[in-house]
Amino acid sequence: MSTTATYTVTGMTCGHCVSSVTEEIREIAGVEGVRVELESGAVTVTSAEPVDAAAVRTAVEEAGYQLV
C-alpha cells in the first residue's frame, strides 16, 4: 500500500522548474511518483512508506527552491 504526502514549493516559474523539483524528489529512496503543479506550487509525493519531510525539503532546496 502506498502513502501520499502533499507539500508546497515556492519559487517555481516554468516547466524547467517543475522538472528540476521532480527529478530531485524522485531520487529519494522509496519515492514511487511525484506530481508538481506549477500554478499552485503543490507537490504530491507517492511512496511505499512515508518519506521523511526533511529529505523532501533537502531535495527541493537542491533544485533551488523552498518548501513552505
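Here goes a summary of the coordinates provided. (Residues numbered from 1 in each chain as written. Predicted model: local features only at pLDDT ≥ 70, side-chain atom pairs only at ≥ 80, totals over all residues. Heavy atoms only, no water.)

1. A word on the overall build of the protein
Line of reasoning, step 1. Along the backbone of the protein there are two helices and four strands.
Line of reasoning, step 2. Listing each helix as α and each strand as β along the protein from the N terminus yields β-α-β-β-α-β.
Line of reasoning, step 3. In summary, the protein has a C-alpha radius of gyration of 11 Å against a globular reference of 11 Å for 68 residues, a match within 12%.
Line of reasoning, step 4. Reported as C-alpha extents along the three principal axes, the dimensions of the protein are approximately 35 × 20 × 20 Å.
Line of reasoning, step 5. The buried share of the protein, reckoned over its 68 residues, is 40%.
Line of reasoning, step 6. Look at the contacts in the protein between residues 6 or more apart in sequence, and 62% of them connect residues 24 or more apart. (Helix = DSSP H or I, 4+ residues; strand = E, 2+ residues; numbered from the N terminus. Rg over C-alpha atoms; globule rule 2.2 N^0.38 Å. Buried < 20%, exposed > 50% of the residue type's maximum accessible area, 1.4 Å probe, protein only. Contact = heavy atoms within 4.5 Å.)

2. What about a negative patch on the surface?
Line of reasoning, step 1. The grouping of Glu23, Glu27, Glu61 and Glu62 at the surface amounts to a negative patch.
Line of reasoning, step 2. Within the secondary structure, Glu62 sits in helix H2 (residues 53–63). (Patch = residues over 30% accessible without salt bridge, like charges linked within 9 Å, V, L, I, M, F, W, Y side chains within 5 Å. Areas by Shrake-Rupley, 256 points an atom, 1.4 Å probe, with all protein chains shown as cover. Salt bridge = Lys/Arg side-chain N within 4 Å of Asp/Glu carboxyl O. Lys, Arg positive; Asp, Glu negative; His and termini not counted. Charge placed at Lys NZ, Arg CZ, Asp CG, Glu CD.)

Don't take any of this as a statement about function, it's just geometry.
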